[in-house]
Amino acid sequence: MMNSMKIPSKRSTLEKKLDKLILILFSVLFCMCLLGAIGSGIFINRKYYYLRFDNSEKQFDPDNRFVVAVLTMFTLITLYSPIIPISLYVSVEMIKFIQSTQFINNDLCMYHAESNTPALARTSNLNEELGQVEYIFSDKTGTLTRNLMEFFKCSIGGEVYGTGVSEIEMGTAQRSGAKMEVQKEPNAAREKGFNFDDARLMRGAWRNEPNPDFCKEFFRCLAICHTVLPEGDDSPEKIRYQAASPDEAALVTAAKNFGFFFYKRSPTTIHVRESHVEKMGKVQDVPYEILNVLEFNSTRKRQSVVCRYPDGRLVLYCKGADTVIYERLADSENDLKRTTRDHLEQFGAAGLRTLCLAYRDLSSDSYENWNEKYIQAKSSLRDREKKLDEVAELIEKDLVLIGCTAIEDKLQEGVPACIETLSRAGIKIWVLTGDKLETAINIAYACKLINNNMKQFIISSETDAIREVEDRGDQVELARFMKDTVKDELKRCYEEAKQYLRSASGPKLALVIDGKCLMYALDPTLRVMLLNMSLNCSSVVCCRVSPLQKAQVTSLVRKGAQRITLSIGDGANDVSMIQAAHVGVGISGQEGMQAVMASDFAIAQFRFLTDLLLVHGRWSYARVCKVVTYFFYKNLMFTLTQFWFTFRTGFSGQRFYDDWFQSLYNVIFTALPVIIIGLFDKDVNASLSKKYPELYKEGIRDTFFKWRVVATWAFFAIYQSLVLYYFVIASSTSGMNSSGKMFGLWDVSTMAFTCVVVTVNLRLLMMCNTITRWHHISVGGSILAWFIFIFIYSGVVLPKEQENIYFVIYVLMSTLYFYITLLLVPVAALFCDFVYLGVQRWFFPYDYQIVQEIHRHEPDNSRVGLLEIGNNDLSPDEARSFAIMQLPGQKSKHTGFAFDSPGYESFFASQAGVYVPQKAWDVARRASMRTRPKIPSKN
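Just so we're clear, the structure is a prediction, and the values are computed from it rather than from any experiment.

What counts, and at which threshold
Residues numbered from 1 in each chain as written. Predicted model: local features only at pLDDT ≥ 70, side-chain atom pairs only at ≥ 80, totals over all residues. Heavy atoms only, no water. Pairing = 2+ DSSP bridges. Helix = DSSP H or I, 4+ residues; strand = E, 2+ residues; numbered from the N terminus. Contact = heavy atoms within 4.5 Å. Axes fitted to C-alpha atoms, helices over the stretch in contact; angles between N-to-C directions. Buried < 20%, exposed > 50% of the residue type's maximum accessible area, 1.4 Å probe, protein only. Polar contact = N/O pair within 3.5 Å; in protein donor to acceptor, adjacent residues only side chain to side chain. UniProt positions renumbered as here; feature names shortened; annotations may be inferred. Parallel < 35°, antiparallel > 145°, perpendicular 65-115°, else oblique. Left-handed = near helix turned anticlockwise from the far one by under 90°. Nonpolar A, V, L, I, M, F, W, Y, C, P; charged D, E, K, R; others polar. Salt bridge = Lys/Arg side-chain N within 4 Å of Asp/Glu carboxyl O.

Overall, mixed pairing links the nine strands, which are arranged 1-20-19-18-2-14-17-16-15 in an open sheet. Unpaired on one side and paired on the other, strand 1 (120-121) and strand 15 (455-459) mark the two borders of the sheet. In the sheet, strand 2 (residues 135-138) pairs with strand 14 (residues 428-432) via four bridges, with the strands oriented parallel. Following the sheet pairing, Ile-136 is matched in strand 14 by Ile-429. Together, strand 15, strand 16 (509-514) and strand 17 (539-543) form the strand contacts of helix 12 (residues 437-446), whose direction differs from that of strand 17 by roughly 150°.

What follows is the structure in structure tokens.
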């Protein structure tokens, strides 16, 4: 709760920019209406006697021009209201909902078969935001790594144990060109969570070590200092441990393998089966009374247990981060502290997660005095957590260092390739982790976030000068010294970085900073300098940071740099960071579902970010931009034809189109094609999107929704409205119907509206990158819907005051004028668009257009806009597993099953063409069912 944040309400950047566009349209609407109102007030004059202006109607009263202008203003607001695209929001929400539920959620390329987990879009508001991300903030454990912890090495009493070679060490050796041989015991069976190789500690051999007492305290600390719950039989082979974190489970498993088997827990007692303690081969069950548990949290970064041995000995066991344990050690054993610190740095360089272990013997009197304060703090109703932390500080001091543990957490599959691809896409990746500096740097090397060609700037609190000030114990002096040091380091790094940035061939920059320095760097006086320094770096690694610091760093870039950010994590400690970013992505891993529940999108593996951003994100951004700009164009163009007509009617507010034409324009005649382009338009397919990640930079630059693009669409809307209006008006002045009569208002307006519907639908086809049968159906269907409607509407006899359109279309279609106008006017209106698009593609092409030309002769066998199942890496069994998971189910009724009835899975699978083997319980259930005899109904 200390690191929690208020849950934000997120809206995409494009949606906020759309709001500004709507405000601009409102301003345009107001200006058009104001112009018409002023014109109306000026035009009203008795000299136009043939118009019969009189005082009977206030809107046409020449003696009160102000009232005329005001009333005309309101009339024109109603007349020009289609310029505001109300249906745009409905269409965009529909498009984004389908993109989320049908495309992202069902993408087999983001399906993790091992855990049977597909991608999940938990909101549809941020689809297009995925196509504009410039900064990614990532946790390390469980996000870049697998979060499958294995006890790998340890240091006990100044001696290192464990001969294995970690994945990071092999990667480091590979970078330096050295060869490293990995020696493993033949036929060694490995237990989950334990990957330790060293015979000196196994099977009681630790008794022969020079420090057996340290070894004994080390193993007991592992077996006692935890909150793990055992399940199952109390045998080493069958027992299962339920732990709050994979680290705890790995440490307890290690203690079991070393001969200190924790097998039973009660509220006040822990039972440990100890082997080889008194003599080799002897096994004894020892109950330890647990008096107090001082639990771990992100502020304390340690956990302690006060226990009583059967012989009455009182001991405090403590494990935690080296930084907090070293601050609480007794002043003796300085050699052991230095040696263990060297071992910690060695383990960190190997990419291992480290914890320090310490203990303290307590006297009965001192413990009783402390326990009274502890009970008071625990029963406090106000500031309980704060008081408990203060009481814990009283006993967690003068500790004796035992040693440290080193746990390996391997990288997830595909992480280095994913990070390299995202970097090519122009995305900068920051890693925010609680691990040691050396561990964080080596993980960054392993996942190709940092390489030897980069210039690295390291700002660390682990310097001799800072340690010297820490040893004095003056916290005020330490804070002042740290702030000055961080300020000087930031200034030095920033000046040096500017020199590298000035040179054209300078290296990429990387910044590494630890949590203590970051705390001072986030001070209001230094955060601007930190931000400027960080934004010039290709990679940033923040180590030893708290969950709140993760959120602060994310907010710094989001608010300070005004860039689109994405945070990704897998645990509860990542929730604040996920909520602070524009887009939050949760990984459904080993640490529960807190991150997923707080996220906007959920995936199973970090490598799926490639598909989520470069494919779905880029497509969604390009599609939504096209939908918004097209809506803006077609509504502006339609309204302007009415606006030009106002100049011919003395600004009287006379309608150019019938009311039904105006009402159905956005609802039926132009609605479906724009939804189709928002769903199925695709510039390049998914494989090319990942092959050329540089295409993603168009979204980062907001290429498709700049104000320049909006202005271009506005220009062509004005041009087309002038062509459509004046060409139709000019051609109709000398036109006559088959009876020899001149065309009237409703003949001309129907002709103009027909040309508008045809023009805007054909213009949509011109902006499509791919044209499918859905485009043909939607565009052709929209034009056909107009003709069907006008045929029916013209043939219906309405009351006299509404019979404007009666028989109009039949009269028009009986003339040659109709067909020539319908052919030439849309061509003339779209001619400039055609020339502009051609010139733009030939001389100023977008990146995706260059890729299209490179691969234009390659057939695209994938289904446009839908999932590219043929391009995924799933085996047939994995694909079948995903297909089964997508099948509908039904709650069983009166069958004895608590969950889904197995029979329904087989049924729906057969309907979908997916093979599912028969389950034994399914067969048994059907065999046990009794068929009821049919009772004939009585007539």
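Tracing the chain through its elements places Lys-10 in the segment before helix 1 (13-43). For Lys-10, a relative accessible area of 13% puts it in the buried group. At a separation of 3.0 Å, a polar atom in the side chain of Lys-10 contacts the main-chain carbonyl oxygen of Ile-578. Within polar-contact distance, the side chain of Lys-10 engages the backbone oxygen of Ala-581 at 3.1 Å.

Time to look at the UniProt feature "active site" (unreviewed entry) in the protein chain. Taken from the UniProt record, the annotation "active site" (unreviewed entry) applies to Asp-139. Relative to the assigned elements, Asp-139 resides in the loop between strand 2 and strand 3 (150-156). According to the relative accessible area criterion, Asp-139 is buried, its value standing at 4%. Apart from the residues lying within four places of it in its own chain, the contact partners of Asp-139 are Leu-144, Leu-432, Lys-550, Ile-568, Gly-569, Asp-570, Asp-574 and Met-577. Separated by 3.2 Å, the side chains of Asp-139 and Lys-550 make a polar contact.

It is the contact of helix 3 (residues 86-104) with helix 20 (residues 609-648), at a shortest axis distance of 11 Å, that shows an interaxial angle of 160°. Classed by the angle they form, the pair helix 3 and helix 20 counts as roughly antiparallel. In the crossing of helix 3 with helix 20, the sense of the turn from one axis to the other is right-handed. Taking contact as the criterion, the partners of Ser-87, Leu-88, Ser-91, Val-92, Ile-95, Lys-96, Gln-99, Phe-103 and Ile-104 in helix 3 are, on helix 20, Leu-612, His-616, Ser-620, Arg-623, Val-624, Val-627, Val-628 and Phe-631. When the residues that make up the contact of helix 3 with helix 20 are grouped by side-chain class, the tally is ten nonpolar, five polar and two charged.

A few words on unusual backbone geometry. Phi at Asn-116 takes a positive value of approximately 55°, unusual for a residue other than glycine. Note that Asn-116 resides in the loop between helix 3 and strand 1. The backbone of Lys-301 sits at a positive phi, close to 55°, despite the residue not being glycine. Secondary-structure assignment places Lys-301 in the loop between strand 9 (283-294) and strand 10 (302-308).

So, about the pattern of salt bridges. One pass over the full model with this rule turns up 51 salt bridges. In this structure, Lys-96 engages Glu-128 in a salt bridge whose closest nitrogen and oxygen atoms are separated by 3.2 Å. Taken together, the residues span a long stretch of sequence, with Lys-96 in helix 3 and Glu-128 in the loop between strand 1 and strand 2 at a distance of 32 residues. For the residue pair Lys-96 and Glu-128, the accessibility class agrees, reading buried in each case. With a closest N to O distance of 3.6 Å, Glu-495 and Lys-498 form a salt bridge. One end of the pair is Glu-495 and the other is Lys-498, both in helix 14 (residues 475-502) and three residues apart, which spans about a single turn. Beyond isolated ion pairs, a larger network of salt bridges with shared partners links Arg-300, Arg-302, Glu-327, Arg-328, Glu-393, Glu-396 and Lys-516.

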